[in-house]
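# Structural overview for review
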Amino acid sequence: MISRHLDRSMEKLKKMILELSAAVEQDVQMAVQAVSERNPRLAQLVIDSDNDIDKLEVDIEEECLQILALHQPVAIDLRFVVSVLKINNDLERVGDEAVNIAERAQYLAQSQVFEIPFDFTIMLEKSKLMLQHALDALMNMDAALAHQVGAQDDEIDELNRQMYTYVQDSIRAQPEHVEALIHLLSVSRHLERIADYATNIAEDVVYMIEGEIIRHKPENFV
């Protein structure tokens, strides 16, 4: 009987984290699109959805604590609940970063259109793909895919460093667009943070499946 109740609670928790993952991924997608299209309406949708994400994050935390208190899970079930507690927090922070990007998109939509001397979409797409891979690894319990996320993080870090150089050069060449360029630099920083959270999620997926903590063993996360 206890096992049956635990199974139902675990299934409910899986559905809840899946719902949060889908909502956060959608917000990142819309925020990225809002920047690319200079679309303030789309950006506002991301900002308005943040309260729903915050509520779901709290609900998931309460569900995890209830499972730990009532069912005292062990082995893989315990690792799953502990991992979800950490992943839940990272997903909420990704949602916050999506809001930050959406706010930058609103400003850029109102600023004078100017030519950006670098391909900003590469970093946008790579960060979004990295988050998708981390969430797919979570939903499919795919440790191999989770391990791949660590290698992708190095690419985002390098793109972020390049962005700083590009923005510095652009400010000197186009000082009249300095505020817009600084907002673009902020988008780059927020995307880099999303990539870091995706890495955290992937590390927790590896722990969930393999029972090994690799957060302080980056050489194993490739």
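Just above sits the structure.
To start, this report covers the structure provided alongside it.

A few words now on the overall build of the protein chain. When helices and strands are counted, the protein chain shows seven helices and zero strands. Secondary structure elements in the protein chain, listed N-terminal to C-terminal, are α-α-α-α-α-α-α. Here the protein chain has a C-alpha radius of gyration of 19 Å; the compact-globule value for 222 residues is 17 Å, and the two agree. Counting over 222 residues, the protein chain shows a buried share of 49%. For the protein chain, restricting intrachain contacts to residue pairs at least 6 apart in sequence, the fraction spanning at least 24 positions comes to 83%. Within the structure as shown, the protein chain displays about 11000 Å² of accessible surface, and the carbon and sulfur contribution to it stands at 51%. Charged side chains of the protein chain number 20 positive and 41 negative; the gap between the two group centres comes to 3 Å.

Let's shift gears to helix H5 (residues 120-140). The periodicity of an α-helix, 3.6 residues per turn, causes residues three or four places apart in sequence to face the same way. If you check H5, its first and last C-alpha atoms are 31 Å apart, about what 21 residues at 1.5 Å a residue would give, namely 30 Å. Listed in full, the buried residues belonging to H5 are Phe-120, Met-123, Leu-124, Ser-127, Lys-128, Met-130, Leu-131, His-133, Ala-134, Leu-135, Ala-137 and Leu-138. A positive backbone phi angle near 50° is found at Met-141, which sits one or two residues after H5.

It is worth spelling out the packing of H5 against helix H7 (residues 178-210) at this point. Look at H5 against H7: their axes get within 9 Å of each other, and the N-to-C directions meet at 20°. Between H5 and H7, the crossing angle belongs to the class labelled roughly parallel. Seen along the crossing, H5 lies across H7 with a hand that is left-handed. Residues that form the contact of H5 with H7 fall into these classes: 19 nonpolar, three polar and one charged.

Parameters at a glance
For every chain, the first residue of its written sequence is number 1, and the numbers climb from 1 along that sequence. Residue-level local features of this predicted model are given only where pLDDT is at least 70; pairs of side-chain atoms are given and counted only at 80 or more, and the full residue set underlies all totals for whole chains, interfaces and linings. Hydrogens are left out, water is left out, and the side-chain values use all remaining heavy atoms of the structure. By the criteria applied, helices consist of DSSP H or I runs no shorter than four residues and strands consist of E runs no shorter than two, each listed in order from the N terminus. Radius of gyration here is computed from C-alpha atoms only, and the compact-globule reference equals 2.2 Å multiplied by the residue count raised to the power 0.38. Buried means the residue's accessible area, taken with a 1.4 Å probe over protein chains only, is under 20% of the maximum for its type, while exposed means over 50%, and partly exposed covers the values in between. By the convention used here, residues are in contact when the closest approach between their heavy atoms is within 4.5 Å. Note that accessible areas follow from Shrake-Rupley with a 1.4 Å probe, and for residues the cover is restricted to the protein chains shown. When charges are counted, Lys and Arg contribute as positive and Asp and Glu as negative, whereas His and the chain ends are disregarded. Lys charges are placed at NZ, Arg charges at CZ, Asp charges at CG and Glu charges at CD. A helix's residues, less one, multiplied by 1.5 Å, set its expected span. Helix axes are fitted to C-alpha atoms over the stretch in contact, other axes to C-alpha atoms as well, and angles between N-to-C directions run from 0 to 180 degrees. By the definition adopted for this analysis, an angle is roughly parallel if under 35 degrees, roughly antiparallel if over 145, roughly perpendicular if from 65 to 115, and oblique otherwise. Whether a crossing is left-handed or right-handed is set by the direction in which the near helix is turned from the far one by less than a right angle, anticlockwise for left-handed and clockwise for right-handed. When residues are grouped by polarity, Ala, Val, Leu, Ile, Met, Phe, Trp, Tyr, Cys and Pro land in nonpolar, Asp, Glu, Lys and Arg in charged, and all others, Gly among them, in polar.

These figures come from the coordinates and say nothing about function on their own.
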